[in-house]
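Each chain, written out:
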Amino acid sequence: MKRAPLVMMGTVAGLAGVLSFNSTPAKLTLGSLASSSSGTSSAPSTTTTASSSPPPTTATSTVTTPPRTAPTTTTTSAPPVTTTTVSSSVRTAIGPSVDYNFGILSVQVKVTGSKITNVSIASINDGGNYRSVSIDQQAIPLLEQEVMQAQSGNIQSISGASYTSAGFIQSLQSALSKLGL
Amino acid sequence: MGTIVTIDVYRGDCSDDSPLEASLEAAIAILHDADVLFSTWKPESPISRIRRGELDVDEAPAIIREVLEQCGVARSLSGGWFDPWALPSGVDPTGLVKGWAAQRALAALRHDAIDGAIVNAAGDIASFGGPTADKKFRVGIINPANPRSLACIIESPGAVATSGSYERGQHLFDPRRGIFTASVASGTVVGPELGLADALATALVVGGTEVLDILERLDDFEGLVIESGGKLLTTTGFPIVS
């Protein structure tokens, strides 16, 4: 397996790109964590997809636009994974709490071998306002589902009207990295 | 554009990844360039300057004029149901540009060593080839009543775009009535090019069965409407597999 993180050259605020290669069949293909940031804005992030045979090469580019009211901050790479538990072949990791446009969340992932068996939200604080809660209730199940579906092998991609959370992906990526995937 | 783009590349036997890396890098650069030019969130972007009346379209970068021309094509194809010029906040090609950018990024992935590729821009998909030489890509369409599940699975003819009211609330603008609305739970359009498919999907979810009838008369595009009650309506050529 060869992994080649690619950090985007652009210094536009809050942009990051990732790619990785996976030459082993029936294994997850995951983006390696990479991020870039400018000095003036926030939230670089990465994402990941999963697949089974034949293995695609996966690259992901995340283009995040800060909310209009976002404070000006500088963010570098994601903080380390906070917890890991190992029991028999099922392993679990919780990604770091990540600030996304509508709150703060962390993602928990369970894997058996190299297969993701569960993706869920470990913690979320969206401030409770209606718009955030509404988006979270719709977007997070979709993100969880994308991860699960993408490795099923029956379909290669999912089309839907999505409000995709970079924070979800960033936390998930860190959790998976902790598990060596 | 505030969105996440996933690129999957399927390749045959290829021991050297470096040409693929260059292709991927080019594809990602195209997406970032589009974000710089077309983000309505960024006050300094050319499109924001056009919207404020600070920049004349004729003096804008050629790529912006190209996108606005495509918006005109989409407005015509959709019978006016897609109209970026009707928005109260000024011209906004967002409904087309995400798909258009993904389609351009896909073009950068054409390479002898690549059998197939998918660029998925937050649920709008441009692809060529397939997972293997003899197969087409299969795409799951989200069930708007329960985004954890799929409403159906289709074969991608190259572009698959879905718009819906279920994630962002009623964010779709009805240019005919001048209000934000959505006629159906979700609308999916497939065809040869994702920019137009994206715009037509926006029109479809606003115009519902009226736009489905328009799509029925177009040779290159097919449509699927999912009504709020869960009923699926399609044009005759829509490529449902299951």
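Residues numbered from 1 in each chain as written. Chains lettered and ligands numbered in written order. Predicted model: local features only at pLDDT ≥ 70, side-chain atom pairs only at ≥ 80, totals over all residues.

## Let's talk about the overall build of chain B
A tally of helices and strands in chain B yields six helices and eleven strands. A burial count over chain B gives 52% of its 242 residues as buried. Taking all contacts inside chain B whose residues are at least 6 apart in sequence as the whole, residues at least 24 apart take part in 58%. (Helix = DSSP H or I, 4+ residues; strand = E, 2+ residues; numbered from the N terminus. Buried ≥ 20, exposed ≤ 12 C-beta atoms within 10 Å, placed from the backbone. Contact = placed C-beta atoms within 7 Å.)

## A look at the pairing of strand 2 (residues 114-121) of chain B
Residues and elements named next belong to chain B. When you tally the buried positions in strand 2, you get eight out of eight residues, the bulk of the element. Two strands pair when backbone bridges link them, and strand 2 and strand 3 (residues 124-128) are joined in this way by five bridges, in the antiparallel orientation. Bridge pairing in strand 3 places Ile118 opposite Ser127. Hairpin connection of strand 2 to strand 3: two residues between the antiparallel strands, including Ala122 at a positive phi of 50°. (Pairing = 2+ DSSP bridges.)

## Notes on the sheet that holds strand 4 (residues 138-142) of chain B
Taken in spatial order, the three strands make up an open sheet running 8(A)-4(B)-5(B), and their pairing is mixed. At either margin of the open sheet sits one strand with a lone partner, and together these are strand 8 (157-159) of chain A together with strand 5 (150-155) of chain B. The average angle at which neighbouring strand axes cross in this sheet is 30°, direction not considered. One ladder, built from three bridges, connects strand 8 of chain A with strand 4 of chain B; its direction is parallel. Across the sheet, residue A:Ser157 finds its bridge partner in strand 4 of chain B, namely B:Val139. (Axes fitted to C-alpha atoms, helices over the stretch in contact; angles between N-to-C directions.)

## A look at the pairing of strand 4 of chain B
All names here are of chain B. With four of its five residues buried, strand 4 lies for the most part within the structure. With five bridges connecting them, strand 4 and strand 5 associate as antiparallel partners. Within the sheet, the bridge partner assigned to Ile141 lies in strand 5 and is Cys152.

## A word on the environment of B:Gly53
Assignment of secondary structure puts B:Gly53 in the loop between helix 2 (46-51) and helix 3 (62-77). Sequence separation between B:Gly53 and B:Gly90 is 37 residues, and the spatial gap between their C-alpha atoms is 9.1 Å.

## Notes on helix 5 (residues 194-207) of chain B
Residues and elements named next belong to chain B. For helix 5, which comprises 14 residues, the first-to-last C-alpha distance of 19 Å matches the rise-based estimate of 20 Å (1.5 Å per residue) to within 8%. Counting buried positions along helix 5 yields 14 of 14 residues, so the element is predominantly enclosed. Just downstream of helix 5, Gly208 is the residue with a positive phi angle, here 60°. (Expected span 1.5 Å × (residues − 1).)

## Notes on helix 1 (residues 18-38) of chain B
A turn of α-helix holds 3.6 residues, and therefore any two residues three or four places apart point the same way. Between its first and last C-alpha, helix 1 of chain B extends 30 Å over 21 residues, near the 30 Å set by a 1.5 Å rise per residue. For helix 1 of chain B, the complete set of buried residues consists of B:Leu20, B:Ser23, B:Leu24, B:Ala27, B:Ile28, B:Ile30, B:Leu31, B:His32, B:Ala34, B:Asp35 and B:Phe38.

## Observations concerning the packing of helix 1 of chain B against helix 4 (residues 94-107) of chain B
For any two helices packed against each other, the geometry comes down to the angle between their axes and how far apart the axes lie. All names here are of chain B. Their axes nearest at 8 Å, the elements helix 1 and helix 4 cross at an angle of 155°. As the angle between them shows, helix 1 and helix 4 are arranged roughly antiparallel. Classified by chirality, the crossing of helix 4 by helix 1 is right-handed. Here helix 1 contributes Ala27, Ile30, Leu31, Ala34 and Phe38 to the contact with helix 4, which in turn contributes Val97, Ala101, Arg104 and Ala105. The residue inventory of the contact of helix 1 with helix 4, partitioned by class, reads eight nonpolar, no polar and one charged. (Parallel < 35°, antiparallel > 145°, perpendicular 65-115°, else oblique. Left-handed = near helix turned anticlockwise from the far one by under 90°. Nonpolar A, V, L, I, M, F, W, Y, C, P; charged D, E, K, R; others polar.)

## Digging into the nonpolar core
Residues and elements named next belong to chain B. Grouped together as the largest cluster of nonpolar side chains are 73 residues, with contacts concentrated most on Ala27, Val119, Ala197 and Leu200. For this core, the leading source of residues is helix 5, giving ten residues. Contacts of Ala27, omitting those with residues within four sequence positions, involve Ile7, Ala105, Ala108, Leu109 and Val119. (Core = buried A, V, L, I, M, F, W, Y, C linked by C-beta atoms within 7 Å.)

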